[in-house]
Amino acid sequence: MRAKTNKVSNDFYQASIFPFAPIIIKICRAYTNSQEDFEDYYQEVCLQIWRSKDNFCEQCKWSTWVYRISLNVCLTLLKKRKTNGQTYFTSDVLPDVIITENRAFEDESLNQLYVAIRRLSEVDRAVIILYLEEKSYHEIADILGTNANNIGVRVIRIKERLKKILNGKIN
Amino acid sequence: MEKSIEAIWKEGFLNEKSLVAPKINDLYNQKSKALVEKMKRMYRNNLIALVIMAIVFPIWYYFMDIVWQGIAFSILMLLTLWYSKRQKRGFKTLDHGATSLDYLKSFDRLLKDALSKGEKVLRFTYPLYFLIAMSILWSAWNKGPLTSKMYQKYPDIIFVGRVP
């Protein structure tokens, strides 16, 4: 019986979480400044996806469900850390030392882009990551629970801000 | 020409090795330990609160002249305390496991088990607490001072039996 349960859970893990590991990683990277935090967020997302699998209804796609949980978990953890008074670097105060040490990716431009993304507000980070993952405005709106027009306007604004940050026009 | 952010993103993640899911086995062990420690602390605090209430309430009720209700309340508290202490043993059996999956399953099982057992216990204890509370109200009402005070304050009030 237990072996059967193990198999079912393992199958679920392999079939439903691992295919989305890249996007979960991308999202978690946008909300964390250190490897330790990143791994913590990543496992928390996996845990919550697994625990909420029974609540999944067919009204949305499984991928939408995974995105939603990933973002909710990241935002909740971020909020928790803020209220607990743990070290958290907001978009306004992001010390250089953290930025320079945070080389999560091999590509230098990508590292710079992530540093810029982390300087956005929490919601803007979610919007831009989903946009860069080539999700349509409707899909992004569906995941974030807003409307597509709002997303369209937001994406333009975020891209402008990112360009300014990357060009060094915003410190 | 500068690359657009879309191009940076796309090119950056081509053959990106860091997108391999992190190994989380040991971290899960650490996290599970931290979680269990947190829940143990919460349980210990609850047990201490139950002991304090089981001692304080009978004394307080004694001065209010409702000793029996105080004793009943205290017994109920002590029974809850005994049950909570038994529940606490479940944390020792939590399987930290060799993989994250083991941890997830173990944690999920523990939560579901605790919730279902807690629900069953509440089905018995809540009605009993309610009865004790009702009994306190009834005895306060029958003691007289409350009705006489009401008479003094509102002399025109009409009582049907003991109900105004």
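The shown structure was predicted, so the numbers you read here are calculated from the model rather than taken from an experiment.

Rules used in this analysis
- Residues numbered from 1 in each chain as written.
- Chains lettered and ligands numbered in written order.
- Predicted model: local features only at pLDDT ≥ 70, side-chain atom pairs only at ≥ 80, totals over all residues.
- Helix = DSSP H or I, 4+ residues; strand = E, 2+ residues; numbered from the N terminus.
- Buried ≥ 20, exposed ≤ 12 C-beta atoms within 10 Å, placed from the backbone.
- Contact = placed C-beta atoms within 7 Å.
- Core = buried A, V, L, I, M, F, W, Y, C linked by C-beta atoms within 7 Å.
- Axes fitted to C-alpha atoms, helices over the stretch in contact; angles between N-to-C directions.
- Parallel < 35°, antiparallel > 145°, perpendicular 65-115°, else oblique.
- Left-handed = near helix turned anticlockwise from the far one by under 90°.
- Nonpolar A, V, L, I, M, F, W, Y, C, P; charged D, E, K, R; others polar.
- pLDDT = per-residue confidence, 0-100.

We now examine the overall build of chain A. Assigned secondary structure in chain A consists of 9 helices and 0 strands. Counting over 171 residues, chain A shows a buried share of 32%. Long-range contacts, defined here as pairs at least 24 residues apart, represent 59% of the contacts in chain A between residues at least 6 apart.

Within the largest apolar cluster, 45 residues are counted, with the highest numbers of intra-cluster contacts made by Ile-27, Cys-28, Tyr-42, Val-45, Leu-113, Val-127 and Leu-130 of chain A. Elements supplying a minimum of two residues to this core: helix 2 (21–31), helix 3 (35–51), helix 4 (62–83), helix 6 (108–117), helix 7 (122–132), helix 8 (137–144) and helix 9 (148–166) of chain A together with helix 1 (5–12) of chain B. Here this core gets 8 residues from one element, more than from any other, and that element is helix 3 of chain A.

Interhelical geometry of helix 6 of chain A versus helix 1 of chain B gives an angle of 125° and a closest axis separation of 9 Å. Considered as vectors, helix 6 of chain A and helix 1 of chain B are oriented oblique to each other. Of the two elements, helix 6 of chain A crosses helix 1 of chain B, and the hand of that crossing is left-handed. Of helix 1 of chain B, the residues touching helix 6 of chain A (which contributes Ser-109, Leu-110 and Leu-113 of chain A) are Ile-5, Ile-8, Trp-9 and Gly-12 of chain B. A breakdown of the residues in the contact of helix 6 of chain A with helix 1 of chain B according to their chemical character gives 5 nonpolar, 2 polar and no charged.

Let us look at the confidence of the model for chain B. Low-pLDDT portions of the prediction should not be read for the details of their coordinates. Across chain B, the average pLDDT comes to 76, with 69% of residues at or above 70. Model confidence for the complex: the whole-complex pTM is 0.56, and ipTM, which rates the interface, is 0.78.

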